[in-house]
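One letter stands for each residue in the lines below.
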Amino acid sequence: MSSTAIAHPNIALIKYWGKADERLSLPATDSLSLTLDIAPTRTTVTLDPGADQHVASWSGEPMTGRELERVSTFLDLVAERAGSRTRAVVETVNEIPTGAGLASSAAGFAALAAAASAAYGLALSPRDLSRLARRGSGSAARSVFGGLVQWHAGDDEGSFAEPIEAPGLELALVVAVLAAGRKAIGSREAMRRTVATSPFFGAWVASVPGELDAMRAAIARADLSAVGELAESNAMRMHATMLGAVPPVRYWNADTVAALDVVAQCRRDGIEAYATIDAGPNVKVLCRPEATTAVADRLRAAFADVDLLVSGSGPGVRILGPAA
Ligand code: PMV
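One numbering rule holds for all chains: residues counted from 1, following each sequence as written. Thresholds applied to this predicted model are a pLDDT of at least 70 for local features of residues and 80 or more for the giving and counting of side-chain atom pairs; totals over whole chains, interfaces and linings are not thresholded and use all residues.

### Details of the overall build of the chain
For clarity, the cut-off: By definition, any uninterrupted DSSP run of H or I lasting at least four residues is a helix, any uninterrupted run of E lasting at least two residues is a strand, and each is numbered from the N terminus. Our radius of gyration looks at C-alpha atoms and nothing else; its globule reference is 2.2 Å times the residue count to the power 0.38. Between the buried cut of 20 or more and the exposed cut of 12 or fewer other C-beta atoms within 10 Å of a residue's own C-beta lies the partly exposed class, and all C-beta atoms are placed from the backbone. Working definition of a contact: two residues with C-beta atoms, positioned from the backbone, lying within 7 Å.
Looking only at helices and strands, one finds 9 helices and 16 strands in the chain. Relative to the globule expectation of 20 Å for 324 residues, the C-alpha radius of gyration of the chain, 19 Å, shows essentially globular dimensions. The C-alpha extent of the chain, read off along each of the three principal axes, is 65 × 40 × 40 Å. Counting over 324 residues, the chain shows a buried share of 46%. Nonlocal contacts in the chain, meaning residues at least 24 apart in sequence, comprise 74% of its contacts between residues at least 6 apart.

### Observations regarding the site of the ligand
Short version of the rule: Each residue receives a C-beta atom placed from its backbone. It is near a molecule or strand if this atom lies within 6 Å of it. Each residue receives one of three labels: charged for Asp, Glu, Lys and Arg, nonpolar for Ala, Val, Leu, Ile, Met, Phe, Trp, Tyr, Cys and Pro, and polar for the others, Gly being one of them. Source of the domain bounds: an automatic or database domain assignment.
In the vicinity of the ligand, 15 residues are found, and the nearest of them are Ala12, Tyr16, Gly138, Ser139 and Ser187. The set of elements that each furnish at least two residues to the shell around the ligand consists of α2 (104–119) and α5 (187–197). The class makeup of the residues in the shell around the ligand is 6 nonpolar, 6 polar and 3 charged. Summarising the domain contributions, the shell around the ligand has at least three residues from each of domain 1 (2–166) and domain 2 (172–311).

### What about α2?
Cut-off, in case you're wondering: By this rule, a helix spans an expected 1.5 Å times one less than how many residues it contains.
Between its terminal C-alpha atoms α2 stretches 22 Å, which fits the 22 Å expected from 16 residues at 1.5 Å a residue. In terms of burial, α2 is a largely internal element, 16 of the 16 residues being buried. Trailing α2 by a residue or two, Gly121 shows a phi angle of about 80°, which is positive.

### Some thoughts on the sheet that holds strand β15 (residues 307–311)
Using the following cut-off: Note on pairing: two strands pair once DSSP finds at least 2 bridges between them. Fitting a line to C-alpha atoms yields each axis, with helices limited to the stretch in contact; the angle taken between N-to-C directions then spans 0 to 180 degrees.
The 4 strands lie next to each other as β13-β14-β12-β15, forming an open sheet whose pairing is antiparallel. The open sheet has two edge strands, β13 (273–277) and β15, and neither has a second partner. If you compare each strand with its neighbour and ignore which way they point, the axes differ by 25° on average. The sheet contacts of helix α7 (residues 224–243) involve β13 and β14 (283–287), and relative to β13 the element is tilted by about 25°. Set on the sheet, helix α9 (residues 292–302) makes contact with β12 (172–177), β13, β14 and β15; between it and β12 the angle comes to about 15°.

### Overview of the nonpolar core
To be explicit about the condition: By our criterion, buried Ala, Val, Leu, Ile, Met, Phe, Trp, Tyr and Cys residues that link up through C-beta atoms within 7 Å make up a nonpolar core.
With 89 residues, the main nonpolar core has Ala110, Ala111, Ala113, Ala114, Ala116, Leu173 and Val285 as its most contacted residues. For this core, the element with the highest residue contribution is α2, accounting for 12 residues. Each of two domains, domain 1 (2–166) and domain 2 (172–311), supplies a minimum of three residues to this core. Ignoring sequence-local partners within four residues, the contact set of Ala111 consists of Ala5, Ile6, Ala7, Thr41, Arg42, Thr43 and Val317.

### Points about the environment of Val45
Mapped onto the fold, Val45 is located in strand β6 (residues 41–48). Here Val45 falls in the buried class, since 30 other C-beta atoms lie within 10 Å of it. Separated by 247 residues in the primary sequence, Val45 and Thr292 have C-alpha atoms spaced 36 Å apart. Excluding residues that lie within four positions of it along the chain, Val45 makes contacts with Ser2, Ser3, Ala88, Val90, Ala115, Ala116 and Ala119.

### Description of the sheet that holds strand β2 (residues 10–14)
Pairing in this open sheet of 4 strands is antiparallel, and the strands run β2-β5-β10-β11 from one edge to the other. At either margin of the open sheet sits one strand with a lone partner, and together these are β2 and β11 (161–163). The sheet shows a mean angle of 30° between the axes of neighbouring strands, direction not considered. Inspection of the sheet shows strand β5 (residues 31–35) paired to strand β10 (residues 148–151) by 4 bridges, in the antiparallel sense. Bridge pairing in β10 links Ser33 to Val149.

### Quick look at the pairing of β6
Two strands pair when backbone bridges link them, and strand β1 (residues 2–7) and β6 are joined in this way by 6 bridges, in the antiparallel orientation. Bridge pairing in β6 links Thr4 to Thr44.

### A closer look at the domain arrangement of the chain
Along its sequence, the chain is carved into domain 1 (2–166) and domain 2 (172–311). Between domain 1 and domain 2, the C-alpha centre-to-centre distance is 23 Å. Opposite the 25 residues of domain 1 that make contact, domain 2 presents 34 residues. Secondary structure elements with two or more residues in the side of domain 1 that touches domain 2: β2 and β5. Sort the elements by how many residues they give to the side of domain 1 that touches domain 2 and β2 lands first, with 3 residues.

### Some details on the packing of helix α6 (residues 201–220) against α7
Short version of the rule: With respect to orientation, any angle under 35 degrees is reported as roughly parallel, any angle over 145 as roughly antiparallel, any angle of 65 to 115 as roughly perpendicular, and every other angle as oblique. Helix crossings get a hand from a simple test, with the near helix turned counterclockwise from the far one by less than a right angle marking a left-handed crossing and a clockwise turn marking a right-handed one.
Where α6 contacts α7, the axes come no closer than 10 Å and their chain directions differ by 170°. Between α6 and α7, the interaxial angle falls into the category roughly antiparallel. Handedness of the α6/α7 crossing: left-handed. Contacts between α6 and α7 involve Phe201, Trp204, Ser207, Glu211, Ala214, Met215, Ala218 and Ile219 from the first element and Ala226, Val227, Leu230, Asn234, Arg237 and Thr241 from the second. Split into classes, the residues belonging to the contact of α6 with α7 amount to 9 nonpolar, 3 polar and 2 charged.

### Some points on α7
Look at α7: 29 Å from first C-alpha to last across 20 residues, which is about the 28 Å you get at 1.5 Å a residue. Residues of α7 that are buried make contact with β2, α5, α6, β13 and β14.

Next comes the structure, spelled out in structure tokens:
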């Protein structure tokens with residue numbers, strides 16, 4: 001049995017940073033994101049009754065080591081739920097540079113959860129698919145849905161994502177790929193260290209619910225300025241928790257700071273633009289769809305030859321159908 005699924009990355013406007021439970025991948029707080037319409041991951045899972053272990057590849061390159069281990073552990077979870085001992089072959093094609101803070105793991109595990117559950121014959125509701133994707137990578141729970149999405153903290157049963165109505169709010173994102181290489185420290189380890197050592201983590205957990213309420217209200221009244229201001233401030237606070245860790249986790253480089261200056265200058269010049277930054281040096285600029293050209297021009301003027309990706313709001317995960 002074989003099944004293929006496609007999922008898109010998402011970028012959080014209220015970030016997920018820190019787990020309450022590592023094994024179950026339960027977050028310390030709710031988070032809220034925008035699913036993108038660029039850089040999809042397409043994953044095919046084929047059951048292989050003769051095999052004694054799972055096999056996986058990224059764009060034709062065999063996966064090894066910890067990467068393979070992470071995918072295998074996830075496949076074991078799906079197989080166990082299906083009451084199967086059969087191993088699987090996973091083929092993944094990803095259009096986004098991996099490990100650069102562009103949320104490749106979110107799209108990857110959302111697509112893997114959908115393709116694997118279908119291949120193993122599990123018919124999951126979107127909510128249960130989100131709970132399953134969460135086990136692969138927390139932020140993958142959100143890529144199951146399109147548009148604006150909230151992922152709830154809670155226990156295993158209650159921690160799933162769901163889409164948010166946003167009538168009249170059109171969002172776009174310009175991603176400045178300032179460094180496409182692998183990041184120095186993965187988000188898993190960086191979160192662990194922040195939770196264990198940063199004196200600012202408690203303040204983060206205490207402040208997110210209020211930020212989320214304000215974000216939900218701003219979305220409901222289609223107030224892009226408030227959405228942007230809240231998103232930028234939340235991203236700064238997330239990075240502040242990491243700077244307080246021991247040893248500190250710093251994903252920013254000099255270009256990251258320069259890009260924040262470009263965004264601030266855009267605002268002074270009347271272009272509504274707001275920055276957000278994930279577990280990497282790249283800066284993502286939130287704006288109205290009609291402002292993407294102006295924002296891209298400013299970034300290009302500041303960084304010669306910078307790679308820019310422009311995205312609107314994208315769809316949730318889609319299963320392309322099982323093949324025999
Ligand atoms: O689930 P992960 O390991 O991809 O963690 C994602 C963490 C951030 O991208 C930094 C924030 C977020 O909410 O997406």
